[in-house]
Amino acid sequence: MSDRGTDPTTERRKAGPRAVRKVGVERWVENVFFGLAEVAVLGIPGLLALMAAPQNAAVKFAALVGVTTLTLAIGTVRTGLTSFDWPAATPVLFLVRPVYHSLTVVAVAAGGAAVDVATGSTVGSLVVAVGLSLGAVRLFPRLVAVLDSLLPQWNWGLRRR
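Please read these numbers as outputs of a predicted model, since none were measured by experiment.

(A) Just helix α6 (residues 122-148), in detail. Spanning 27 residues, α6 covers 39 Å between terminal C-alpha atoms, matching the ideal 39 Å at 1.5 Å per step. Listed in full, the buried residues belonging to α6 are Gly124, Ser125, Ala129, Ser133, Ala136, Val137, Phe140, Pro141, Val144 and Leu147. Looking at the buried positions of α6, the neighbouring elements they touch are α4 (56-79) and α5 (93-119).

(B) Focus on the packing of aromatic side chains. According to the stated counting rule, one finds three aromatic pairs in the structure shown. Ring geometry for Phe33 against Phe34: centres 5.4 Å apart, planes inclined by 70 degrees, an arrangement best described as edge-to-face. Classification of Phe33 by relative accessible area gives exposed; the value is 52%. The class for Phe34 is partly exposed, based on a relative accessible area of 38%. Geometrically, the ring pair formed by Tyr100 and Phe140 is tilted, given 4.8 Å between the ring centres and 45 degrees between the ring planes. Highlighted residues: Tyr100 in helix α5 and Phe140 in helix α6, separated in sequence by 40 residues. You can call Phe140 buried: its relative accessible area is 0%. One aromatic cluster is present, built from ring pairs that chain together Trp86, Tyr100 and Phe140. Lying over the aromatic face of Phe84, Arg138 brings its terminal NZ or CZ to 4.1 Å of the ring centre.

Reading the values: the criteria
Residues numbered from 1 in each chain as written. Predicted model: local features only at pLDDT ≥ 70, side-chain atom pairs only at ≥ 80, totals over all residues. Heavy atoms only, no water. Helix = DSSP H or I, 4+ residues; strand = E, 2+ residues; numbered from the N terminus. Expected span 1.5 Å × (residues − 1). Buried < 20%, exposed > 50% of the residue type's maximum accessible area, 1.4 Å probe, protein only. Contact = heavy atoms within 4.5 Å. Phe/Tyr/Trp six-rings, centres within 6.5 Å; stacked < 30°, edge-to-face > 60°. Lys NZ or Arg CZ within 6 Å of the ring centre and 35° of its normal.

Interpretation in functional terms is not warranted from these geometric data alone.
Spelled out as structure tokens, the structure:
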């Protein structure tokens with residue numbers, strides 16, 4: 001026991017590692033949380049644009065499904081459970097991500113709502129919203145690769161040194 005007046009258990013806990021690496025489901029849940037933060041915060045302009053959209057219920061349902069799917073998919077990719085990696089945060093991607101996520105949310109909402117209005121099928125809207133969201137998650141790393149391959153004299157901040 002130390003001179004600080006605490007018991008041995010408290011002393012061991014204080015002396016132990018400060019950051020324990022998360023694994024398994026705990027790591028996936030943490031990455032889903034950060035995926036939600038990325039989509040919800042950076043997609044605010046798109047979400048605000050949808051507030052006054054016609055076909056209100058269909059648009060908001062598709063947007064909700066889209067944001068949920070984007071969040072789960074980004075969390076899964078960030079965890080490393082896919083064949084591709086999620087791009088790291090770089091200065092240029094801080095400019096690209098809000099535009100990309102906002103456009104994705106609007107496109108998913110519009111696509112899902114269009115199916116719902118055309119066919120009257122909420123299930124069809126759900127399928128389209130999920131499909132578009134998964135496609136957008138798969139497309140983003142490719143977009144980053146295209147930005148990376150632009151003119152070499154442009155310093156996009158994407159090149160790994």
